[in-house]
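Understanding the architecture of this molecule
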Amino acid sequence: MKRLVLPAAWLLATLSASGKEAPALSMEEAMSRLLSYGIVNETPANESDDSVEILRHYAKLINRDEEIGDFPYCVRLIEAGGSDNKLPVSCLRAFVKAGAPIQGENGDTSPLQAAAEAGNVKVAEYLLKAGADVHYMDAAFKTAMDYAIGSDMQSAHFEVVRLLLRHNAMPTAESMKHAARFDTNLLRELVNHGGRMTAEVVNTAVWNADSLAYMLEMGASLHGMEENGLNVTHALLQRISTGKCGADELVRILEMLTKHHAPFYTRTPREELELFIPDELPTALRERLLTLYTTRPLPTFPETDETDVEEVEE
């Protein structure tokens, strides 16, 4: 009879695929692994390395000089894992099972926010399953969604965003504005999960013609104003003044705005407006912009229904 020999790698992969969890670690085992991975260091690895503090507090905990909740182990471990996500869930789980809190409090950064900022999908998923509050706001009024979305987003951050959406996270104003400017596909997902197309979001979309086209298709209004009085055509003029809007893209945006009757007119004198419009733009396009911003719109009146007009007898 032949003996069946299974490669160890295949066996581990099969166990993992079947949903089997790795054996639970003790805190001592977890700390030993963290040291071996270089997530926690006995001496600072560089000027910005403060992972040594984790080890100091762990020593206090072992000596019973403090409680496990006196130090934000979860947040600090996730931050020490860095953007390369060296921190494995098994190590974090050991601290959580020992009583380390997974919720944020008093405006401090929560573990979920730290995982979202790092783009650590596995840790974020573990925290959500363990009951982390997806709606928690820190002292800066930012949620985990805000921390996941940023100008340096990697593919892992997008995965975190989708994970948060599946756990009923509400898209915030900042996340909507970022998506409107940098990623139209993400904007679609946020809108589908209840993201609001406010005046701020519409104004930000003048930096991304695809986002503007999508929002107009979805019925966004071009007549809203931010609290500071800024509307979409003022926002466009600000972008034009930076010189960071090519002629072709500008023409496309103008076509959309004029088609949907955006309020271009401004009381600013033509001489001052000319200072906002770069000389590098084609002459015809510069003239079109100046005309749009200086032409007062004609008043409109409702059409009269002739059946409602009474005849006056002489």
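Rules and cut-offs
- Counting starts from 1 at the beginning of each chain's written sequence and moves along it residue by residue.
- Note on the predicted model: pLDDT of at least 70 is required for a residue's local features to be given, and 80 or more for side-chain atom pairs to be given and counted; whole-chain, interface and lining totals, by contrast, use all residues.
- The side-chain numbers reported here are obtained from all heavy atoms of the structure, hydrogens and water having been left aside.
- A run of DSSP states H or I qualifies as a helix once it reaches four residues; a run of E qualifies as a strand once it reaches two. Both are numbered from the N-terminal end.
- The rule is simple: take the accessible area with a 1.4 Å probe, protein chains only, and divide by the maximum for that residue type; under 20% is buried, over 50% is exposed, in between is partly exposed.
- Here a residue-residue contact requires only that any non-hydrogen atoms of the pair lie within 4.5 Å.
- The accessible surface values rely on the Shrake-Rupley method and a 1.4 Å probe; as for residues, cover is taken only from the protein chains in view.
- For salt bridges, the criterion is a side-chain nitrogen of Lys or Arg within 4 Å of an Asp or Glu carboxyl oxygen.
- For this analysis, a nonpolar core means a set of buried residues of the types Ala, Val, Leu, Ile, Met, Phe, Trp, Tyr and Cys, connected via side-chain atoms within 4.5 Å.
- Orientation is described by lines fitted to C-alpha atoms, with helices fitted over the stretch in contact, and by angles between N-to-C directions that extend from 0 to 180 degrees.
- For classification purposes, angles smaller than 35 degrees are called roughly parallel, those larger than 145 roughly antiparallel, those between 65 and 115 roughly perpendicular, and all remaining angles oblique.
- Less than a right angle of anticlockwise turn of the near helix away from the far helix marks a crossing as left-handed, whereas a clockwise turn marks it as right-handed.
- Asp, Glu, Lys and Arg are counted as charged, while Ala, Val, Leu, Ile, Met, Phe, Trp, Tyr, Cys and Pro are counted as nonpolar; the rest, among them Gly, fall into the polar class.

**With respect to the overall build of the chain**
Of the regular secondary structure elements, the chain holds 17 helices and zero strands. The burial tally for the chain puts 42% of its 314 residues in the buried class. The contacts of the chain with a sequence gap of at least 6 include a subset with a gap of at least 24, amounting to 64%. Of the roughly 18,900 Å² that the chain leaves accessible, carbon and sulfur atoms contribute 50%.

**Some thoughts on the pattern of salt bridges**
On inspection of all chains with the given rule, the structure shows twelve salt bridges. For the salt bridge of Arg76 with Asp50, the shortest nitrogen-to-oxygen distance reads 3.1 Å. Residue Arg76 is located in helix 4 (residues 73-81), and its partner Asp50 is located in the loop between helix 2 (27-37) and helix 3 (52-62); the two are separated by 26 residues in the primary sequence. By relative accessible area, which is 13% here, Arg76 ends up buried.

**As for the environment of Leu236**
By the secondary structure assignment, Leu236 is in helix 14 (residues 232-242). With 32 residues separating them along the chain, Leu236 and Thr204 place their C-alpha atoms 8.8 Å apart. Those residues in contact with Leu236, other than ones at most four positions away along the chain, are Val206, Leu250, Ile253, Leu254, Leu257 and Tyr293.

**Re unusual backbone geometry**
Only a minority of non-glycine residues have a phi that is not negative, and only a minority of peptide bonds are not trans. Positive phi, close to 65°, is recorded for Arg64, a residue that is not glycine. In this fold, Arg64 is placed in the loop between helix 3 and helix 4. Here Arg64 falls in the exposed class, since its relative accessible area comes to 77%. Positive phi outside glycine occurs at Phe141, with the angle close to 60°. If you trace the backbone, Phe141 turns up in the loop between helix 7 (121-129) and helix 8 (144-148). Judged by its relative accessible area of 64%, Phe141 is exposed.

**As for the nonpolar core**
Counting residues in each nonpolar core, the largest one holds 92 residues, and the members touching the most others are Leu92, Phe95, Leu127 and Leu164. Among the elements that take part in this core, helix 9 (residues 155-166) stands out by supplying seven residues, more than any other. Not counting residues within four places of it along the chain, the set of residues in contact with Leu164 comprises Leu112, Leu128, Val134, Ala144, Met145, Ala148 and Ala169.

**Focus on the packing of helix 5 (residues 89-97) against helix 7**
Relative to each other, helix 5 and helix 7 sit at 30°, their axes nearing to 10 Å. One way to sum up the angle between helix 5 and helix 7 is to call them roughly parallel. The crossing of helix 5 and helix 7 is right-handed. Here Val89, Leu92, Arg93 and Val96 of helix 5 come into contact with helix 7, specifically with Lys122, Val123, Tyr126 and Leu127. Here the residues of the contact of helix 5 with helix 7 sort into six nonpolar, no polar and two charged.

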